[in-house]
Amino acid sequence: MSDEQREKMRQQMREQQQQTQPQEQQQTQPQQQQPGATTQTPAPMMRQETTASADELLDPALLADPKRREEATAKAAEKPPGSADDSALAQFYFDRAAEAEIAGLQSQAYQDLRKAAEHGEKTKTSLLAQIYSQLAQAEHTGGRTFAAMRAVEKAIDYLPRNQRGRTIVFYGHLGRYAAQTGDLPAAEKALVQAENAYMDMQRGIQMNRAGAANLTPEMMISFQAQLLCAQATINALRGQQSAAEDFTRKCLAAAQKASRFNGTPFVGYRYLELARLTMAQGRLGDAENEARQGLLFFQRMRGAGGPLTAQALSTLSLVLAEQGRAAEAEQLARKAIELVQSSGMKGQGPIRMALANTLAAQGKWAEAAAEVEIFRQASSADPNVFNNIANRNAWLPLILIKSGKAAEAVKILTELAERRQKALGERHFATAEARSQLGLALLETGNRDRARKAFNEAMPVLLQRSRETDDDSGAAARDLRIRLIIEAYMRLLSDDKTPQAAAEAFRLAEAARGRAVERALAASAARMTAGNPQLAELARKEQDLQQQVSGLNSLLANAISAKAEDQNAEAIKALRAQIDGMRDERARVVEEIEKKFPDYADLTNPKPATVELAQKSLKPGEALLSIYSAEDFTYAWAIPPQGAPAFARWKI
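Residues numbered from 1 in each chain as written. Predicted model: local features only at pLDDT ≥ 70, side-chain atom pairs only at ≥ 80, totals over all residues. Heavy atoms only, no water.

**Section: the sheet that holds strand β3 (residues 646-651)**
Item 1. Taking strand neighbours across the sheet as the criterion, the three strands line up as β1-β2-β3 in an open arrangement whose pairing is antiparallel. Of all the strands in the sheet, the pair left with one neighbour each is β1 (624-629) and β3. Across this sheet, the average inter-strand angle for adjacent strands is 15°, counted without regard to direction.
Item 2. Inspection of the sheet shows strand β2 (residues 633-639) paired to β3 by six bridges, in the antiparallel sense. Following the sheet pairing, A638 is matched in β3 by A646.
Item 3. Helix-sheet contacts for helix α23 (residues 476-494) involve β1, β2 and β3, and the interaxial angle to β2 is about 65°. (Pairing = 2+ DSSP bridges. Helix = DSSP H or I, 4+ residues; strand = E, 2+ residues; numbered from the N terminus. Axes fitted to C-alpha atoms, helices over the stretch in contact; angles between N-to-C directions. Contact = heavy atoms within 4.5 Å.)

Have a look at this one:
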């Protein structure tokens, strides 16, 4: 096949993928109104408190097949045959590893797979491709990404010729693992290899090539799911979270149609990835629901214990920490580590970073730094694993800075800010957050000029209200990180002792203390004083839809996490459809507002108070005294009706 033909088939394949719609996004038709019935607009719903206790979230009754688990536990305890040859021993350990995994004995499963590979290598058994494929997944679960990549490469080498179609799966795994180490070229190379294998299979079907008849439509769907998953991971690495979410949802829809994924963690992992992607976009209500869905999936698959359920708990703890529910998040993070350790593993991998995040969100910097160090030591043989986490964890630079490792944070943040600027643009919030954290790290290392430049570049974007989120579940952790940045810049400005610096520090203080209050008041005031009936109606509708989506999201979160006997699959499906419909409607309203009333953004995103604005409201003989208490210092301004303000700072 020529390169031109390959590219044409690749484009056709991508167009087919674009047409694949996830099941979660299918809309239900509105019910017809009964004759004589009156329509009522439902009252706006506020997001209700969702359950976040490990005791309530973990339900042993959710396990789909308890008898199968008992059988697996018994088989995992069987002894190897004493007189067996290496081929038989490879088969024995491979089978016992599968039973150990079902039984929740992850450490034994991993060791059995290693023994299976050791015996298989001696006879070059045909089972080696399967052994290394499973070993790769076990290495990845344990946080050993490079070891997982090496195992996948061996699986490809040992794959029998009559099973070469499975290279699509293996290259898909290889692309995801490479992306998670931050090696984008290697990830893209693996993705191209997977695409080429997929197109060769399609061409074989079209030409009735020998063996192609064995490729059922379901098999092709499963291969397509692997490709979509790899594409999602690569887009996430590039910082293109929305595109990554789109690919992940299409991957999930395809996987749910393929029975070969039954009994595997593939679908559950997609829910957790959706939680991370929606969290990165500020949609914390959606992120919580996706994490809870993943937790539900893994409990049905493996029960209330083991590393898979622990991963879901850990992901949910990250979301709760971002919502400002750090104490609850810490409880879940510690429970996740306990579950991992109970399965025979050390629990020192990436799962430690979830606990570090929850501690940082509570200002427990020393404890957070200790958790980071545990993870760093555990990944010392594979440092890119730690570096990749550093690139995606908004708390880690602050933990390093607060624990006396600002120089290391400067290195991480310099590279991160450059990558985000290229991938997302200068005006993206993620770029501004990385650059502002760089300013803080530079300030702590004594590089004041570079710190000032970084702060100046980041602040205009950082202080804008994000309109990306469609729920009011909060962004408390993000606001806390922003406040820490603002206070660091105020400290730098207060050393200048100039009227201009005093005025800018006052503006920043007003921005820091007024983020949540100003957003709520501005939205209400804009609706009440718009002076335009059409705009007032649109503003009211947009706000009510936002609150209703948030309220329904909390209902969905609790429905997903209900005990097994209390769950209603049809009700959950209906809630999802209702949320999707309201979200689409809100998007249309927002688009109409922005098109017809572009000045409305200024009303809903008021600028912080300035010295000039304050002076305009003062009468002769009056003065404004403003005090702001930061983490380490207290700041005070005395603003007269005219002239420069007096500005002072003292250490708490």
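Read on, since the account is not over.
**Some words on helix α10 (residues 217-237)**
Item 1. Helix length check: α10 (21 residues) gives 31 Å between terminal C-alpha atoms against 30 Å at 1.5 Å per residue, within 8%.
Item 2. Burial runs high along α10: 16 of the 21 residues are buried. (Expected span 1.5 Å × (residues − 1). Buried < 20%, exposed > 50% of the residue type's maximum accessible area, 1.4 Å probe, protein only.)

**Here's the deal with the pairing of β1**
Item 1. Strand direction decides the pairing type here: β1 and β2, joined by six bridges, are antiparallel. Along β2, the bridge assignment pairs L625 with A638.
Item 2. Taking the residues between adjacent antiparallel strands as the criterion, β1 and β2 are bridged by three residues.

**Concerning the packing of aromatic side chains**
Item 1. This structure, assessed with the given rule, holds 12 aromatic pairs.
Item 2. Aromatic pair F261 and F266: ring centres 4.4 Å apart, planes at 20°, arrangement stacked.
Item 3. An angle of 75° between the planes, with centres 5.7 Å apart, marks the rings of F506 and W637 as edge-to-face. Residue F506 is found in helix α24 (residues 499-529), and its partner W637 is found in strand β2; the two are separated by 131 residues along the sequence.
Item 4. For W637, a relative accessible area of 0% translates into the label buried. (Phe/Tyr/Trp six-rings, centres within 6.5 Å; stacked < 30°, edge-to-face > 60°.)

**Considerations on the environment of R478**
Item 1. Along the chain, the position of R478 falls in helix α23.
Item 2. Sequence separation between R478 and A361 is 117 residues; the distance between their C-alpha atoms is 9.4 Å.

**Brief notes about the environment of K115**
Item 1. As for its placement among the helices and strands, K115 is situated in helix α5 (residues 106-123).
Item 2. Overall, K115 belongs to the partly exposed group, its relative accessible area being 34%.
Item 3. Residues K115 and A90, 25 residues apart in the sequence, show an inter-C-alpha distance of 7.1 Å.

**Observations concerning the packing of helix α7 (residues 145-158) against helix α8 (residues 167-180)**
Item 1. Where α7 meets α8, the closest approach of the two axes is 9 Å, and the angle between their N-to-C directions is 160°. In terms of axis orientation, α7 runs roughly antiparallel to α8. Between α7 and α8 the crossing geometry is left-handed. Across the interface between the two elements, T145, A148, M149, V152, E153, A155 and I156 of α7 pack against F170, Y171, H173, L174, Y177 and A178 of α8.
Item 2. Here the residues of the contact of α7 with α8 are counted per class, giving 10 nonpolar, two polar and one charged. (Parallel < 35°, antiparallel > 145°, perpendicular 65-115°, else oblique. Left-handed = near helix turned anticlockwise from the far one by under 90°. Nonpolar A, V, L, I, M, F, W, Y, C, P; charged D, E, K, R; others polar.)

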